[in-house]
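# Fold and geometry: a report
Here's the letter readout for the chains.
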Amino acid sequence: MNVRERVRIAKGRLREYEGRLKQLEGRLTVLRGRAEQTTGRARLRLVRAERRLRVALEASVERMETAIKALQSRLDSTLRETRAFQRGVRAGIRTAAKTYRRSGGR
């Protein structure tokens, strides 16, 4: 699996997490609205559900941040390796051109 494919997969996962995050935020807003309108046991249940949803939301955000950090570190190391490879190729081309010129050409 090459780097571009991995980046594409990671971006897809991040979009998926963002979608889930938006859904959870929407549900949280709905629960808050309902909790304000209710009383007694129903209110307690809604408050608990809101708390559980908030915990799930925070966990999703944490997973997203972890994935972003992992992707960033992999991307940085890949860019460093690519630059080093690029320098090596350029040096090889320069050396080959010098050798060719010294040999008098064809």
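### Re the overall build of the protein
- Of regular secondary structure, the protein possesses two helices and zero strands.
- Taken against the 2.2 N^0.38 rule, which gives 13 Å for 106 residues, the C-alpha radius of gyration of the protein at 27 Å runs more than 25% over that of a compact globule.
- Judged by the C-alpha coordinates and their principal axes, the protein covers about 95 × 20 × 15 Å.
- Of all 106 residues assigned to the protein, the portion counted as buried reaches 16%.
- Contacts spanning at least 24 positions in sequence make up 62% of the contacts within the protein whose residues lie at least 6 apart.
- Total accessible area on the protein is roughly 9100 Å²; 52% of this is exposed by carbon and sulfur atoms.
- Distance from the positive charge centre (30 side chains) to the negative charge centre (11 side chains) of the protein: 8 Å.

### Considering a nonpolar patch on the surface
- A contiguous nonpolar patch, built from Phe85, Val89 and Ile93 and spanning about 320 Å² of accessible area, is present on the exposed surface.
- By the secondary structure assignment, Val89 is in helix α2 (residues 40-102).

### Overview of the nonpolar core
- Ranked by size, the top nonpolar core spans eleven residues in total: Tyr17, Leu21, Leu24, Leu28, Leu31, Ala35, Leu46, Ala49, Leu53, Leu57 and Met64.
- Of all the elements in the fold, those that place two or more residues in this core are α1 (3-37) and α2.
- Counting residues per element, this core draws most heavily on α1, at six residues.

### A short note on the side chain of Glu50
- Structurally, Glu50 is set in helix α2.
- With near-sequence residues (within four places) excluded, Glu50 lies in contact with Leu28, Leu31 and Arg32.

### Thoughts on α2
- Compared with the 93 Å implied by 1.5 Å per residue over 63 residues, the 93 Å span of α2 between its first and last C-alpha is a close match.
- Turning to α2, its buried residues number three or more, namely Leu46, Ala49, Glu50, Leu53, Leu57, Ser60, Met64, Leu71 and Thr78.
- Looking one or two residues past α2, Gly104 carries a phi angle of roughly 90°, positive in sign.

### Re the pattern of salt bridges
- Going through the model one piece at a time under the given rule, you end up with two salt bridges.
- The salt bridge involving Arg20 is made with Glu16; its shortest N-O contact spans 2.8 Å. One end of the pair, Arg20, and the other, Glu16, are both in helix α1, four residues apart, so they sit about a helical turn from each other.
- By relative accessible area, Arg20 is classed as partly exposed at 39%.

### Notes on a positive patch on the surface
- On the surface, a cluster of positive charge is contributed by Arg90, Arg94, Lys98, Arg101 and Arg102.
- Mapped onto the fold, Lys98 is located in helix α2.
- On the accessibility criterion, Lys98 (48% relative accessible area) is partly exposed.

Rules and cut-offs
Residues numbered from 1 in each chain as written. Predicted model: local features only at pLDDT ≥ 70, side-chain atom pairs only at ≥ 80, totals over all residues. Heavy atoms only, no water. Helix = DSSP H or I, 4+ residues; strand = E, 2+ residues; numbered from the N terminus. Rg over C-alpha atoms; globule rule 2.2 N^0.38 Å. Buried < 20%, exposed > 50% of the residue type's maximum accessible area, 1.4 Å probe, protein only. Contact = heavy atoms within 4.5 Å. Areas by Shrake-Rupley, 256 points an atom, 1.4 Å probe, with all protein chains shown as cover. Lys, Arg positive; Asp, Glu negative; His and termini not counted. Charge placed at Lys NZ, Arg CZ, Asp CG, Glu CD. Patch = residues over 30% accessible without salt bridge, like charges linked within 9 Å, V, L, I, M, F, W, Y side chains within 5 Å. Salt bridge = Lys/Arg side-chain N within 4 Å of Asp/Glu carboxyl O. Core = buried A, V, L, I, M, F, W, Y, C linked by side-chain atoms within 4.5 Å. Expected span 1.5 Å × (residues − 1).

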